[in-house]
Every structure is written in C-alpha cells, then in structure tokens.
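In case you want the letters, here they are:
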Amino acid sequence: MTPGARVEAAIELLDGIVNAAREGGAAADTLIARYFGTRRYAGSKDRRAVRELVYAAIRLAGEPPASGRAAMLALADRDPAVAAGFDGSPHGPVPIGQHEARAEAGIAPAWLVEALTASGVPVAALPALVERAPLDVRVNSLKPAPDLPEATPLPAAPNGWRLPSGTNIETLPAWRDGAIEVQDEGSQVVGLALPAAPGDVIVDLCAGAGGKTLALAARMDNRGTLLACDTDRARLSRLRPRAERAGATIIETKLLDPGREAVALADWVARADGVLVDAPCSGTGTWRRNPEARWRLDPTRLDRLVETQAYVLALGASLVRPGGKLVYIVCSLLDAEGRDQVNRFLADRPGWAIDVLTLPAGQVHGGGIRLDPASAGTDGFFVARLIAPC
Ligand SMILES: C[S@@+](CC[C@H](N)C(=O)[O-])C[C@H]1O[C@@H](n2cnc3c(N)ncnc32)[C@H](O)[C@@H]1O
C-alpha cells in the first residue's frame with residue numbers, strides 16, 4: 001500500500017469506529033480485524049502501519065471526532081509524514097483543504113474529564129490514561145517456570161513480567177504451554193486483594209474470560225473449590241480452553257441468567273470463604289488499551305453501570321460465609337463506581353466492615369486502594385475488601 005492508501009484506510013476505519021462508538025457497535029480491534037479480513041492485498045507491514053495510524057488518531061481526540069478524516073487531519077497537523085499521505089493519489093485521500101475542520105485534541109469528553117478530576121485524579125495524571133499500555137504477563141505457577149529471555153520483572157506483581165512491546169505472544173512456547181497469561185500488572189495486583197489458599201471455597205462472580213480466575217486457581221494450587229460465573233456466554237466460554245492450557249483443574253463455570261442469578265446461585269448462599277466481584281464498569285482505567293471506549297460512555301450509561309455494580313455487589317455479598325471476604329474491583333477511577341459504591345454498600349449493611357488492604361502498588365482511596373496509570377504505571381483500578389459479619 002502507498003502511504004496515501006494507508007492514510008485512506010485509516011480514515012475509513014476511523015469512520016467505522018466513530019459510528020460504532022455512537023451506536024454501541026463493535027470495538028476498534030474487531031473492526032480493524034474485519035476490515036483486513038476482506039483486504040488480502042494488505043501485507044502485515046501495511047496492517048501494522050494502518051493500525052498505528054488509527055490508534056494514534058483515537059488517542060489524540062478526546063471528544064468523538066466528527067469524521068475519520070477530521071481525526072486524521074488532527075494527526076496530520078502533528079506528524080508531517082501523515083500530512084504527506086493526503087496526496088490525492090488514486091488510493092489516497094484528497095489533499096488537505098485550507099479551512100477543513102479538525103478533531104479537537106484532548107484526553108476525554110469534557111464531562112468525563114470533570115468527573116475524573118472530581119474523583120481526585122490530578123489533571124497532570126490524565127494524559128497517562130490514554131498512553132499506550134505495555135505488554136504484561138503473569139507466570140502461571142501451575143506450570144514449570146518458563147524461559148522468557150527478553151522479559152523484565154514487574155515491580156509490583158510477584159509473578160509478573162513485561163515483554164517487549166510488539167511481541168507476538170501466541171507464538172511463544174511459554175504461552176502455548178500455558179506457562180504465561182497476558183494480564184496487566186494492575187490486574188495482577190488487585191487480584192491479590194482476595195485471600196486464596198489451597199482448600200478454600202472461592203467464587204469469582206464476574207469472571208468474564210477468566211483473567212483473575214486463572215490467577216486464583218494458581219494461588220490455590222489447584223486445591224479447593226473455585227466457581228467462575230458470568231452472564232455473558234461468549235466470554236465465559238473462553239475460560240474453558242484457557243483453563244485447559246493453564247492446567248487449572250478446579251474451575252467450575254456457571255452461566256447466569258441476567259436478573260435470575262440468585263436462583264442459579266441458591267446452593268452457594270453464605271458458603272464462600274471469599275467472593276470476587278470484578279464488576280462491569282465504564283473502563284476509564286483501561287483506555288490505554290481501548291481508547292475509543294471514552295467515546296462510548298455517556299452519563300446515562302454510567303448511571304446504569306453504577307446500578308449494575310450495586311446489584312452484583314449485593315449478589316456477591318449473599319454468597320460470603322459469616323466472617324468471609326468480599327473483594328470489589330472496578331477498572332475505573334470514577335468515584336461513583338469505586339469509593340462511593342463501597343460506601344453505599346456499607347451504609348446499607350450494618351455488620352459489614354472494611355478490611356484494610358495493603359497491596360504492592362496503589363494509594364489509599366476511601367475504604368480501598370486506587371491504582372492509576374500515571375503513578376502506578378498500570379491500568380487504573382479501584383479495589384476494596386469487605387468482611388462479612390460473623
Ligand atoms: C470487568 S469484566 C470481568 C473481567 C474478568 N474478571 C477478568 O479478570 O478478565 C465484568 C464482567 O461482569 C459480567 N457481568 C455483568 N453483569 C453480571 C451479572 N449480573 N452477574 C455476573 N456477571 C456479570 C460481564 O459479562 C463481564 O464479563
């Protein structure tokens with residue numbers, strides 16, 4: 001592909017990504033994969049170059065841009081090589097007009113920047129929210145120690161390593177053998193908030209594809225009971241092959257029917273030593289990986305998420321045995337989803353208390369700990385541990 005054709009491809013992709021963000025369509029990564037699935041003429045270098053352009057333009061625009069072209073023009077203003085791609089060639093975009101509108105550079109939509117700063121995120125810490133994330137892995141202690149000559153140890157995660165960015169992880173023997181799992185350092189650290197020892201009964205209520213479930217199985221040394229639940233069939237179904245690869249044998253999965261979760265979990269009430277509620281959230285802490293997610297959120301959607309979080313937290317609490325632990329995690333820095341959610345839970349439930357946490361990264365925030373990309377160098381998280389009345 002010529003430089004112009006790459007820029008044109010990025011513009012087309014960005015148009016699709018902006019629309020998908022507006023209409024609740026697929027994620028940017030999915031749209032990029034689909035786009036190249038039907039364009040076999042694009043080689044791997046072209047794909048990588050177009051992808052880089054798309055993500056650079058997404059990271060740059062805080063508000064959803066009016067069009068893909070407006071987003072790329074904003075990038076062209078900062079990068080002469082991109083500007084040169086507007087060359088009017090047969091497959092390239094038409095040359096830049098004199099007064100064409102550009103997307104505005106920024107961190108996030110104004111209402112979100114306001115909500116983040118109101119949640120105590122310093123303005124100087126905001127740019128780190130949309131920087132590129134590193135490639136972190138967790139070494140799986142259920143497998144023999146892998147050979148990772150190019151990796152460096154992560155400061156805060158005991159089994160965590162950082163691989164050179166651009167590593168094609170799926171080609172590594174260590175990945176194929178299940179000796180490593182991709183997991184952000186912050187995700188590894190917040191997972192440690194839930195005590196998990198061999199023989200325990202643990203429920204991972206919002207397990208998704210099992211990132212934290214697999215870490216729990218390893219800490220339990222494959223001994224005890226580990227129930228992984230989710231309402232999303234597709235996500236939960238990805239856990240089984242991952243568990244097989246990782247040699248995690250104690251995981252039982254349960255697909256929940258939204259609104260009827262308590263029926264499926266009736267046998268588990270007040271049984272668990274520990275329950276993990278890694279709740280669905282706005283993902284403001286993971287914009288490094290999904291920067292277009294900040295274009296998808298609006299105050300109504302955030303309110304709905306806050307309601308769902310209160311619901312799953314209550315559901316999780318019902319499963320904890322007397323004196324057991326409930327860990328609440330969100331990959332968000334917004335207090336509505338983190339600190340305030342936990343405060344509301346405690347206000348409504350006399351007898352429950354904060355179980356003070358110490359973790360290898362993060363800062364005390366309300367009754368929990370918050371990790372933010374600027375100071376922890378991880379994805380952003382809020383985590384709190386609660387203890388059930390005896
Ligand atoms: C933050 S993700 C979980 C990520 C996962 N724990 C990991 O470490 O990879 C939140 C999950 O909550 C699930 N969820 C949403 N509503 C739920 C509910 N009512 N009960 C259980 N899970 C729910 C979503 O489908 C999603 O997979």
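Residues numbered from 1 in each chain as written. Predicted model: local features only at pLDDT ≥ 70, side-chain atom pairs only at ≥ 80, totals over all residues.

For the protein, the name recorded in an unreviewed UniProt entry is RsmB/NOP family class I SAM-dependent RNA methyltransferase, with Sphingomonas cynarae as its organism. According to UniProt, the comment filed for the protein under the heading Sequence similarities (unreviewed entry) is "Belongs to the class I-like SAM-binding methyltransferase superfamily. RsmB/NOP family." (UniProt positions renumbered as here; feature names shortened; annotations may be inferred.)

> Looking at this structure, how should I read the site of the ligand?
Neighbouring the ligand are 19 residues; Cys206, Gly208, Gly211, Asp232 and Asp278 lie closest to it. For the shell around the ligand, the secondary-structure elements that each account for two or more residues are helix H9 (211–219), strand E6 (225–230) and helix H13 (299–319). A breakdown of the residues in the shell around the ligand according to their chemical character gives nine nonpolar, four polar and six charged. (Near = placed C-beta within 6 Å. Helix = DSSP H or I, 4+ residues; strand = E, 2+ residues; numbered from the N terminus. Nonpolar A, V, L, I, M, F, W, Y, C, P; charged D, E, K, R; others polar.)

> Would you mind going over the pairing of E6 with me for this structure?
Remember that side chains alternate between the two faces of the sheet whenever the strand is regular. With five of its six residues buried, E6 lies for the most part within the structure. Of the pairings in the sheet, the one linking strand E5 (residues 201–204) to E6 comprises four bridges and is parallel in character. Looking at E6, one finds that Val203 is bridged to Leu227. With respect to chirality, the unit in which E5 leads through H9 into the neighbouring parallel E6 is right-handed. As paired strands, E6 and strand E7 (residues 251–255) are joined by five bridges and run parallel to one another. Each bridged residue has a counterpart across the sheet, and for Ala228 the counterpart in E7 is Thr253. (Buried ≥ 20, exposed ≤ 12 C-beta atoms within 10 Å, placed from the backbone. Pairing = 2+ DSSP bridges. Right-handed = clockwise from strand over helix to strand, strands pointing away.)

> Can you walk me through helix H3 (residues 44–60) in this structure?
Residues lying three or four places apart along an α-helix face the same way, a consequence of the helix completing one turn every 3.6 residues. Between its first and last C-alpha, H3 extends 24 Å over 17 residues, near the 24 Å set by a 1.5 Å rise per residue. Among the residues making up H3, those that are buried are Val50, Arg51, Leu53, Val54, Ala57, Ile58, Arg59 and Leu60. (Expected span 1.5 Å × (residues − 1).)

> Help me understand the UniProt feature "domain: SAM-dependent MTase RsmB/NOP-type" (unreviewed entry) in the protein in this model?
Look at the UniProt record and you will see "domain: SAM-dependent MTase RsmB/NOP-type" (unreviewed entry) annotated at residues 113–389. The span residues 113–389 carries 30% helix and 23% strand; its end-to-end C-alpha distance comes to 38 Å.

> Please explain the UniProt feature "binding site: S-adenosyl-L-methionine" (unreviewed entry) in the protein as it appears in this structure.
In the numbering used here, UniProt assigns the "binding site: S-adenosyl-L-methionine" (unreviewed entry) feature to Asp230, Asp257 and Asp278. Its location among the elements puts Asp230 in strand E6. Overall, Asp230 belongs to the buried group, with 24 C-beta atoms counted inside 10 Å. Beyond its immediate stretch of four places on either side in the chain, Asp230 contacts Cys206, Ala207, Gly208, Arg235, Leu236, Leu255 and Leu256. One can find Asp278 in strand E8 (residues 272–278). Overall, the presence of 27 C-beta atoms within 10 Å leaves Asp278 in the buried class. In this structure Asp278 touches Cys206, Lys212 and Ile329, once residues within four positions along its chain are discounted. (Contact = placed C-beta atoms within 7 Å.)

> Help me understand the pairing of E8 in this model?
Buried residues dominate E8, accounting for seven of its seven residues. The pairing of E5 with E8 spans three bridges and is classified as parallel. The residue bridging Val203 from the neighbouring strand is Val275, located in E8. Two strands pair when backbone bridges link them, and E8 and strand E9 (residues 320–330) are joined in this way by six bridges, in the parallel orientation. Looking at E9, one finds that Asp278 is bridged to Ile329.

> Sorry, what's going on with the environment of Asp273 here?
Looking at where Asp273 falls in the secondary structure, it is placed in strand E8. By C-beta crowding, Asp273 is classed as buried, having 20 other C-beta atoms within 10 Å. Taking the C-alpha atoms as reference points, Asp273 and Leu333, 60 residues apart in sequence, are found 28 Å from one another. With residues up to four places along the chain from it excluded, the contact list for Asp273 reads Asp200, Val201, Ile202, Arg321 and Gly324.

> Explanation requested: the environment of Arg242 in the structure shown.
Looking at the element boundaries, Arg242 is found in helix H10 (residues 233–246). For the pair Arg242 and Gly211, spaced 31 residues apart in sequence, the C-alpha separation works out to 9.1 Å. Among residues more than four places away in sequence, those in contact with Arg242 are Ala209, Gly210 and Leu214.

> Could you clarify how one ought to interpret the packing of helix H1 (residues 3–23) against H3 in this entry?
In a pair of packed helices, the angle between the axes and the distance between the axes together describe the arrangement. It is the contact of H1 with H3, at a shortest axis distance of 9 Å, that shows an interaxial angle of 50 degrees. Classified by the interaxial angle, the pair formed by H1 and H3 is oblique. Our pair here, H1 against H3, has a crossing hand that is right-handed. Contacts between H1 and H3 involve Arg6, Val7, Ala9, Ala10, Leu13, Leu14 and Ile17 from the first element and Asp46, Ala49, Val50, Leu53, Val54, Ala57 and Ile58 from the second. Split by residue class, the contact of H1 with H3 holds 12 nonpolar, no polar and two charged. (Axes fitted to C-alpha atoms, helices over the stretch in contact; angles between N-to-C directions. Parallel < 35°, antiparallel > 145°, perpendicular 65-115°, else oblique. Left-handed = near helix turned anticlockwise from the far one by under 90°.)

> Honestly, the environment of Arg296 in this entry has me stumped. Any pointers?
Among the structural elements, Arg296 can be located in helix H12 (residues 293–296). Through-space distance from the C-alpha of Arg296 to that of Cys281 is 12 Å; in sequence the pair is 15 residues apart.

> Honestly, the packing of H1 against helix H4 (residues 68–78) in this entry has me stumped. Any pointers?
Between H1 and H4, the least distance of the axes is 7 Å, while the angle of their chain directions is 125 degrees. One element, H1, and the other, H4, form an angle in the oblique class. Between H1 and H4 the crossing geometry is right-handed. In this structure, H1 uses Val7, Ala10, Ile11, Glu12, Leu13, Leu14, Asp15 and Val18 to contact H4, whose residues at the interface are Gly68, Arg69, Ala71 and Met72. Of the residues in the contact of H1 with H4, the class split is eight nonpolar, one polar and three charged.

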